[in-house]
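# Structural description and commentary
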Amino acid sequence: MRERRACGTLTAVSDDRSSAAPILPTHTPPLFKEAVRRATALLRAGQVVALPTETVYGLAANALDEQAVARIYECKGRPARNPIIVHVDSLDMAKSCAKEWPATAERLAAAFWPGPLTLVVFRSAKIPAIVAAGGATVGLRWPSHPFMQATIRACGFPLAAPSANPSNQISPTNAEHVRRLLGGRVPLIIDGGQAQVGIESTVIDLTAESPRVLRPGMIHEASILAALQLPPYSIDGAAMGDGGGEPLKSPGCLVKHYSPSARLVVLAWENDEDLRSQLDARKLPANECHVVSHTRTPDLAGLSGVSVMPHDAEAFARALYAEWHRCDETGVKIIVMETLPAGAEWNGLADRLRRAAGP
Ligand code: TXA
Ligand code: MG
């Protein structure tokens, strides 16, 4: 055992590598139990821990402890005006974090929790302002990942957790991604396997007169409307842009966000010849382009690489960030994504492609 500095505080860790946090496995009941014990001990001591959730890995801290939450901002280099989602392990815990619990929250929680949906409601006094970036609301989510659930239960308090990546980079979907992104900055990473959803939760604001999707995800608007028993088209669309000096309504909705280091372009092509001419027209050198296709897989000489993605949206979501992380790890310069199919189930993914490509 030796001491190591993690986000400004001294923590005891039993790892040999100075630049990498220990990764604890959870694939047997004894390992799972031991990992819950280690994570809980650190969280109770006001530390941050990288934990698996079904959407993406999160960087967790005690949501009721201002200083612990401040460490999350510090570790991620996150702007202070970007609020953090609070994770709970029951409806009762969610309600204790909310000032009031609207009927819309009751319906959506009944339909989708535990799961990849974040409900923004007015926060109760027990949620410190720092979690809400000074605002009056809090985003609440009851995640379905068994490790996250067990850890919240063992802690007895809700966990604030943004995605476990430096601000503006791609979210991690496995423990190795976390080690690469934040390994030198966190005292512990828990390996809960490959994230089963693969992109971040849908965020819906329930504090205005009509519900509003702030960040699309794999739970799409059509199912939300059905659960709310509302007619089609009665939820407002995603908020775009950033509201000047105000706390951001949902900074995940900034036009450029969630980007790989590589430049990313989204194209639709008919055949190899068409792809070639579009690359030429945009002055994208083929030998710097890694094409990520799902339908029209190119067989074009001189490309830096080609990956084929699954056809169904859920499997695509599970694979997407891992594919982008792999491109970054191997030094790909330009990622050329094939345009996604139309359809509500692709909305969350189309949103991530748009944001990664930028304006
Ligand atoms: O799936 C997820 O949501 C993952 C896992 C770890 O739960 N978390 C995640 O957190 O993606 P983060 O911080 O990377 O993204 C949270 C998004 C941000 O766009 C943030 O602005 C928005 O949710 N958000 C959080 N609290 C909010 C609030 N009170 N009002 C409006 N937007 C909020
Ligand atoms: Mg994030």
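Just above sits the structure.
Analysis parameters
Residues numbered from 1 in each chain as written. Chains lettered and ligands numbered in written order. Predicted model: local features only at pLDDT ≥ 70, side-chain atom pairs only at ≥ 80, totals over all residues. Heavy atoms only, no water. Helix = DSSP H or I, 4+ residues; strand = E, 2+ residues; numbered from the N terminus. Buried < 20%, exposed > 50% of the residue type's maximum accessible area, 1.4 Å probe, protein only. Pairing = 2+ DSSP bridges. Axes fitted to C-alpha atoms, helices over the stretch in contact; angles between N-to-C directions. Contact = heavy atoms within 4.5 Å. Phe/Tyr/Trp six-rings, centres within 6.5 Å; stacked < 30°, edge-to-face > 60°. Salt bridge = Lys/Arg side-chain N within 4 Å of Asp/Glu carboxyl O. Core = buried A, V, L, I, M, F, W, Y, C linked by side-chain atoms within 4.5 Å. Expected span 1.5 Å × (residues − 1). Polar contact = N/O pair within 3.5 Å; in protein donor to acceptor, adjacent residues only side chain to side chain.

### Quick notes on the overall build of the chain
Of regular secondary structure, the chain possesses 10 helices and 16 strands. Buried positions account for 56% of the 359 residues belonging to the chain.

### Observations regarding the sheet that holds strand β16 (residues 334-338)
The four strands lie next to each other as β13-β16-β14-β15, forming an open sheet whose pairing is parallel. This sheet does not close on itself; its edge strands, each paired only once, are β13 (263-267) and β15 (305-308). For this sheet, the mean inter-axis angle between neighbouring strands, taken without regard to orientation, is 20°. Of the pairings in the sheet, the one linking β13 to β16 comprises five bridges and is parallel in character. Residue pairing for β16: Arg 263 is matched across the bridge by Ile 334. Contacts from helix α8 (residues 272-281) reach β13, β14 (289-293) and β16 within the one sheet, and its direction differs from that of β13 by about 135°.

### Here's the deal with the packing of aromatic side chains
The relative placement of two aromatic rings is captured by the distance of their centres and the angle of their planes. Applying the stated rule across the entire model yields four aromatic pairs. Consider the rings of Trp 101 and Trp 113, whose centres lie 6.1 Å apart with planes at 45°: the pair is tilted. In this pair, Trp 101 sits in the loop between α3 (91-97) and α4 (103-112) while Trp 113 sits in the loop between α4 and β7 (117-122), placing the two residues 12 residues apart along the sequence. In this structure, Trp 101 and Trp 113 share a single accessibility class: buried. Ring geometry for Phe 316 and Trp 346: centres 5.3 Å apart, planes at 75°, overall edge-to-face. Of this pair, Phe 316 sits in helix α9 (residues 313-329) while Trp 346 sits in the loop between β16 and α10 (347-357), and the two are 30 residues apart along the sequence. On the accessibility criterion, Trp 346 (4% relative accessible area) is buried.

### Some words on the environment of Ser 261
Structurally, Ser 261 is set in the loop between α7 (221-228) and β13. The exposure class of Ser 261 is exposed, given its relative accessible area of 69%.

### Considerations on the pattern of salt bridges
Taken as a whole and assessed by the stated rule, the structure comprises 11 salt bridges. Linking Lys 95 and Glu 106 is a salt bridge whose minimum nitrogen-to-oxygen distance equals 3.5 Å. Placement of Lys 95 in helix α3 and of Glu 106 in helix α4 is noted, with a sequence separation of 11 residues between them. Residue class for Glu 106 comes out partly exposed when judged on its relative accessible area of 34%. The salt bridge partner of Arg 296 is Glu 270, with a shortest N-O separation of 4.0 Å. Here Arg 296, found in the loop between β14 and β15, pairs with Glu 270, found in the loop between β13 and α8; they are 26 residues apart in sequence, far enough to count as distant. Classification of Glu 270 as exposed rests on a relative accessible area of 54%. A cluster of three or more residues bridged by salt bridges with shared partners is formed by Glu 200, Asp 351, Arg 352 and Arg 355.

### What about the nonpolar core?
Ranked by size, the top nonpolar core spans 68 residues in total, and within it Leu 51, Trp 101, Leu 108, Leu 119 and Leu 140 carry the most contacts. If sequence neighbours within four positions are ignored, Leu 119 has contacts with Trp 101, Ala 105, Leu 108, Ala 109, Trp 113, Val 138, Gly 139, Leu 140, Ile 204 and Leu 206. Counting 25 residues, the second-largest nonpolar core is a separate cluster that includes Tyr 258, Tyr 321, Cys 327 and Trp 346.

### Considerations on the pairing of β15
A one-sided burial pattern is seen for β15, the buried positions being Gly 305 and Ser 307 and the unburied ones Val 306 and Val 308. Where β14 meets β15, four bridges bridge the pair, whose relative direction is parallel. Among the inter-strand pairings, Ser 293 is bridged to a residue of β15, identified as Val 308.

### Let's talk about α9
The first and last C-alpha atoms of α9 sit 24 Å apart over 17 residues, in line with the 24 Å expected at 1.5 Å per residue. Those residues of α9 that fall on the buried side of the exposure criterion are Ala 313, Ala 315, Phe 316, Ala 317, Leu 320, Tyr 321, Glu 323, Trp 324, His 325 and Cys 327. Downstream of α9 by a residue or two, Gly 331 has a phi angle that is positive, lying close to 75°.

### Considering the environment of Arg 44
With respect to the helices and strands, the residue Arg 44 is situated in helix α1 (residues 29-44). Arg 44 gets classed as exposed once you look at its relative accessible area, which sits at 55%. Residues Arg 44 and Ala 154 lie 110 residues apart in sequence; the distance between their C-alpha atoms is 9.9 Å. Once you skip the residues sitting within four places of it in the chain, Arg 44 turns out to touch Ala 154, Cys 155 and Phe 157. Polar side-chain contacts of Arg 44 include one of 2.6 Å to the backbone oxygen of Ala 154.

### Details of the pairing of strand β8 (residues 137-141)
Burial within β8 is extensive, with four of its five residues counted as buried. As paired strands, strand β6 (residues 86-87) and β8 are joined by two bridges and run parallel to one another. In the strand pairing of β8, Val 86 is matched with Leu 140. As paired strands, β7 and β8 are joined by four bridges and run antiparallel to one another. By the bridge assignment, Val 120 is partnered in β8 with Gly 139.

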